[in-house]
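So you can see what is in the structure, the chains are spelled out below.
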Amino acid sequence: MSLYKNLFKQTLIYGLATVLPRMISFLLNPLYVDQLPKQEFADVSIVFAWLVFFNVILSYGMETAFFRFYNTDTDKKKVISTATVSLVWTSILFLFLSLLYRNTLSDWSGIKVEYITYTIWILVLDALVIIPFSKLRATQRPMMYAFIKIGNVVLNLLLNLFFLLLLPRLAQTDTEGFFNTIYFENFQVGYIFVSNLIASLATFAVLSPDYFKISWKFDFNLWKKMMNYGLPILIAGIAFAINEHFDKILLDWMKVSKSDIGAYSACYKIGMFMVLFRTAYTLGIEPFFFSHAQNENAQQTYATITKYFVIFGSLISFFVIAFIDLLKLPLVPEDSYWVAIKVVPLIVIANFFLGIYTNLSVWYKLIDKTKIGAYISIVGALVTLLLNYVLIKFGLSYYGSAIATIAAYGTMMMISYQMGQKQYPIPYDITTILKYLLLSISFSAISFYIPELRDNYIVKVVLLSLFLYFIYYSEKETLTGIIKRKAK
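Novice: Help me understand the overall build of the chain, please; the structure alone is not making it clear to me.
Specialist: Within the chain, the secondary structure is distributed over 23 helices and 0 strands. Relative to its length of 488 residues, the chain is compact, with a C-alpha radius of gyration of 24 Å against a globular reference of 23 Å. Summarising its shape, the C-alpha atoms of the chain cover approximately 70 × 60 × 50 Å along the three principal directions. Accessible surface computed for the chain: about 23900 Å², of which carbon and sulfur atoms make up 66%. Computing the positive centroid from 40 side-chain charges and the negative centroid from 29, the chain places the two 11 Å apart.

Novice: Whenever I open this one, the packing of helix 2 (residues 38-59) against helix 10 (residues 188-207) confuses me. Can you help?
Specialist: For any two helices packed against each other, the geometry is given by the interaxial angle and the distance between the axes. Closest axis-to-axis distance for the helix 2/helix 10 pair is 10 Å, and the angle between their directions is 30°. Between helix 2 and helix 10, the crossing angle belongs to the class labelled roughly parallel. Handedness of the crossing formed by helix 2 with helix 10: right-handed. Of the residues in helix 10, those touching helix 2 at E40, V44, V47 and F48 are V189, I192, F193 and N196. A per-class count over the contact of helix 2 with helix 10 returns 6 nonpolar, 1 polar and 1 charged.

Novice: I would appreciate a short explanation of the environment of I249 in the present structure.
Specialist: Tracing the sequence through the fold places I249 in helix 11 (residues 220-253). Taking the C-alpha atoms as reference, I249 lies 33 Å from K135; in sequence the two are 114 residues apart. In contact with I249, other than residues within four places in its own chain, are I46, A49 and W50.

Novice: Got a minute to help me understand helix 7 (residues 130-138) in this structure?
Specialist: Residues that lie three or four places apart on an α-helix share one face, since the helix turns once every 3.6 residues. Burial in helix 7 covers these residues: I130, I131, P132, F133, S134 and L136. Looking one or two residues beyond helix 7, the residue adopting positive phi is Q140, at roughly 55°.

Novice: How do you make sense of the pattern of salt bridges when you look at a structure like this?
Specialist: Working definition: two side chains of opposite charge can pair if their charged atoms are close together. Scanning all chains against the criterion turns up 8 salt bridges. The partner of E475 in a salt bridge is K307, with the nearest N and O atoms 3.1 Å apart. Residue E475 is located in the loop between helix 22 (457-474) and helix 23 (476-487), and its partner K307 is located in helix 14 (residues 298-322); the two are separated by 168 residues in the primary sequence. With respect to class, E475 is no different from K307; both count as buried. A salt bridge links R454 to D325, with the nearest nitrogen and oxygen atoms 2.6 Å apart. Of this pair, R454 sits in helix 21 (residues 451-454) while D325 is found in helix 15 (residues 324-331), placing the two residues 129 residues apart along the sequence.

Novice: What is the right way to read the side chain of S81 from this model?
Specialist: The residue S81 is located in helix 4 (residues 76-100) in this model. On the accessibility criterion, S81 (0% relative accessible area) is buried. Apart from the residues within four sequence positions on either side, S81 is in contact with I214, S215, W216 and K217.

Novice: What should I look at first to understand the environment of V154 in this one?
Specialist: For V154, the location among the structural elements is in helix 8 (residues 142-173). Sequence-wise, V154 and T411 are 257 residues apart; in three dimensions their C-alpha atoms are separated by 37 Å.

Novice: Can you help me understand the environment of D126 in this one?
Specialist: Along the chain, D126 turns up in helix 6 (residues 113-128). Judged by relative accessible area, which is 26%, D126 ranks as partly exposed. Look past the residues within four positions of D126 in its chain and what remains in contact with it is N55 and S200. A polar atom in the side chain of D126 sits 3.1 Å from the side chain of S200.

Novice: Can you walk me through the packing of aromatic side chains in this structure?
Specialist: The geometry of an aromatic ring pair is captured by two quantities: the separation of the ring centres and the angle between the planes. Scanning the model with the defined rule gives 41 aromatic pairs in all. Ring geometry for F187 and Y191: centres 5.0 Å apart, planes at 85°, overall edge-to-face. Assessed through its relative accessible area of 18%, F187 is described here as buried. Taken together, the ring pairs connect W50, F53, F54, F94, W108, F246 and W253 into an aromatic cluster.

Novice: Explain a nonpolar patch on the surface to me, please; I cannot follow it from the model alone.
Specialist: A cluster of nonpolar side chains, contributed by L93, F96, L97, L100, Y101, L105, W108 and W253, occupies part of the molecular surface with about 850 Å² of accessible area. Elements supplying a minimum of two residues to the nonpolar patch: helix 4 and helix 5 (102-109). With 4 residues, the single largest contributor to the nonpolar patch is helix 4. Residue placement: L93 occurs in helix 4.

Novice: What is the right way to look at the nonpolar core in this model?
Specialist: A general tendency of soluble globular proteins is for nonpolar side chains to be buried together. Ranked by internal contacts, the top residues of the largest apolar core, which has 142 residues, are F66, M226 and I356. Discounting residues that sit within four places of it in the chain, I356 has contacts with F309, V310, M413 and L437. Core analysis: the second largest hydrophobic core is formed by 9 residues, V129, F133, A146 and L207 among them.

Reading the values: rules and limits
Residues numbered from 1 in each chain as written. Predicted model: local features only at pLDDT ≥ 70, side-chain atom pairs only at ≥ 80, totals over all residues. Heavy atoms only, no water. Helix = DSSP H or I, 4+ residues; strand = E, 2+ residues; numbered from the N terminus. Rg over C-alpha atoms; globule rule 2.2 N^0.38 Å. Areas by Shrake-Rupley, 256 points an atom, 1.4 Å probe, with all protein chains shown as cover. Lys, Arg positive; Asp, Glu negative; His and termini not counted. Charge placed at Lys NZ, Arg CZ, Asp CG, Glu CD. Axes fitted to C-alpha atoms, helices over the stretch in contact; angles between N-to-C directions. Parallel < 35°, antiparallel > 145°, perpendicular 65-115°, else oblique. Left-handed = near helix turned anticlockwise from the far one by under 90°. Contact = heavy atoms within 4.5 Å. Nonpolar A, V, L, I, M, F, W, Y, C, P; charged D, E, K, R; others polar. Buried < 20%, exposed > 50% of the residue type's maximum accessible area, 1.4 Å probe, protein only. Salt bridge = Lys/Arg side-chain N within 4 Å of Asp/Glu carboxyl O. Polar contact = N/O pair within 3.5 Å; in protein donor to acceptor, adjacent residues only side chain to side chain. Phe/Tyr/Trp six-rings, centres within 6.5 Å; stacked < 30°, edge-to-face > 60°. Patch = residues over 30% accessible without salt bridge, like charges linked within 9 Å, V, L, I, M, F, W, Y side chains within 5 Å. Core = buried A, V, L, I, M, F, W, Y, C linked by side-chain atoms within 4.5 Å.

Structure representation (structure tokens):
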């Protein structure tokens, strides 16, 4: 029992450390919308998309390889030092080459050179804390891990509030003082990157004592094994980054206006409600999947869990889509951004499909064929790239990107299901799952796409009530059993 209690405790803490930063990012979205014109919001979104992409490249699967060899190799200090030396030297090389060619990168990407410079330093600082963070997890120090992770995001939020809201007022009232010397007009985007840079630097400073505790020995043979193990992780990570964030970059490359990209990026955030649900669920359920793998009824348990994920996901999807016009008021407070609100239903459902895929992917993890996950992600990335190119070329702009996202995750979901049923059959209740999916999508379409009902919240509440009744009617036996057990 103590094992499961400890597992639950650590999952909860790591979950908070992952989900809370995403929740805090919701607070930044309305701030940026309020402070930035759409063109500058697009610049921020494009650079952040590149950040995600290069974060994957600069880590090159070493984090996962570290966990694998730290738990299997008897000389743990050797694993720590080899992984650290590797990341330090690749980070230094990246820093040198990127700073040397930053003007070329600026000309090629169309991003201002000062933003490129800030981004380079942020990437390097983030890469240098990969092993210290991994070591905290490997040595089971979740509280310290969560404290530093959450502290990074809180500091970033506070710095954004200071630079964008407070500093202009302080500089105006104290024209000869310190605050006036650090205030620059029309530098809001720069302040956003400065805030991220300071937060990353503070995180590195907190974790830097780790660098004085290692032996700095490099085992080339161990490094080769770690690289071989990490390469599929790198490929899968690049594919994931393409699926999740590359659409903003593609829109920019294909000459879609920055104004449209900014509106799309801001409205995209409303779809993050489903991302929060999926992330919190994944963090909690993956340890459960592995701990129950040897149970006699494991497959039936996985099938039941997937069904209830679909139930809750369907409900959340419908709620968010039906009440988008209320959610947009606090999250996207500037009405000029609302031209892209039509993409939100597609983004919500796309992330729902990705959550279902996460459930379905249990089969290749349990039979130690994780490379299949990389292959499926690559297929999804190819669908993303191809459909973005074709649909944007045909004039669908960011709506084409949203369609590409839902197509990519839907494809990954279907491939995983088909392959999984051959390799590791799980008796999913497909009929019931499809009922919930179709009902959620149908009610969502009625609520959002029929103009006469778009503002009729009575109809939306009625549809929500019908959905809840359908859940109760379909799952009555299970719900009654749970209530009776609690009563005892």
